Amino acid sequence: MKYTLLTLSLFIFSISSYAQEFVNGTIITTRYDTITNVKIETLSNAKSLLHLTYIDAEGKEQKPDIESIKSYTRGDENFTRIYHSGKMILVKQITAGKKLNLYERDYNGLTTYYVEKVFDEILKVPASGSKFNKVLGDFLSDSPEISQKIKSKELQDLKEIVKLYNNA
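Residues numbered from 1 in each chain as written. Predicted model: local features only at pLDDT ≥ 70, side-chain atom pairs only at ≥ 80, totals over all residues. Heavy atoms only, no water.

J.: Requested: an account of the packing of aromatic side chains, with residues and values cited.
T.: The way to describe two aromatic rings as a pair is by their centre distance and the angle between their planes. Summed over all chains, the structure comprises one aromatic pair. On the basis of an interplanar angle of 20° and a centroid distance of 4.9 Å, the ring pair of Tyr72 and Phe79 is categorised as stacked. One exposure class covers both Tyr72 and Phe79, and it is buried. Above the ring of Phe139, the side-chain terminus of Lys117 is found at 4.8 Å from the ring centroid. (Phe/Tyr/Trp six-rings, centres within 6.5 Å; stacked < 30°, edge-to-face > 60°. Buried < 20%, exposed > 50% of the residue type's maximum accessible area, 1.4 Å probe, protein only. Lys NZ or Arg CZ within 6 Å of the ring centre and 35° of its normal.)

So this is what it looks like as structure tokens:
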């Protein structure tokens, strides 16, 4: 009896842990159609860049081709396409600033960051320390104080750099 009860409890727990969670969201397609009032499946950041499943207003589950999606919001999260190195890539927006945006892309187990001067150019942030300081310092050279702090390694935290640049 105890064994049966234990097995049943474990089975119910396993099923509930695999339950799908859906969050309110909005989708914009590459044709600029806006799909509102949908429930978007919550996935990891890496999977969110590759797959999209949502429940439409009629209660039907939809799985559009991810290439047909320009951007989508899922709760407080925003995923959008940016143009970098000759191609459009889907990224998660970390910071939407007045002057500088920060994006993150989890892909194949690697996290890559991109900074974008609003309505201007986008830079893939180098992962290595010496390149990070030189490249990012040069990219933000229009703010000499911040640029110098990056190059001298006084500023190392990317989110802090974006915050300071937006407030400058």
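J.: Which residues make up the pattern of salt bridges, and what values go with them?
T.: For the structure shown, the criterion picks out eight salt bridges. Close ionic contact of Glu77 with Arg74 constitutes a salt bridge, the shortest N to O distance being 2.7 Å. Exposure remark for Glu77: the relative accessible area of 23% places this residue in the partly exposed category. According to the relative accessible area criterion, Arg74 is buried, its value standing at 3%. For Lys151, the salt bridge identified is with Asp138, shortest N-O distance 2.7 Å. Placement of Lys151 in helix α4 (residues 144-151) and of Asp138 in helix α3 (residues 129-139) is noted, with a sequence separation of 13 residues between them. (Salt bridge = Lys/Arg side-chain N within 4 Å of Asp/Glu carboxyl O. Helix = DSSP H or I, 4+ residues; strand = E, 2+ residues; numbered from the N terminus.)

J.: Explain α4 to me, using residue names and the numbers behind them.
T.: All of the buried residues in α4 are Ile146, Ser147 and Ile150. Here the buried residues of α4 occupy an arc of 100° about the axis, which is enough to place them on one side. What points out from α4, more than 90 degrees from its buried face, is the exposed set Pro144 and Glu145. Looking at the buried positions of α4, the neighbouring elements they touch are α3 and α5 (158-167). (Arc of directions from axis to C-beta. Contact = heavy atoms within 4.5 Å.)

J.: So, the side chain of Arg105: which residues are in play, and what are the values?
T.: If you trace the backbone, Arg105 turns up in strand β8 (residues 100-107). Glu67 provides the closest opposite charge to the buried, salt-bridge-free Arg105, at an N-O distance of 7.5 Å. (Lys, Arg positive; Asp, Glu negative; His and termini not counted.)

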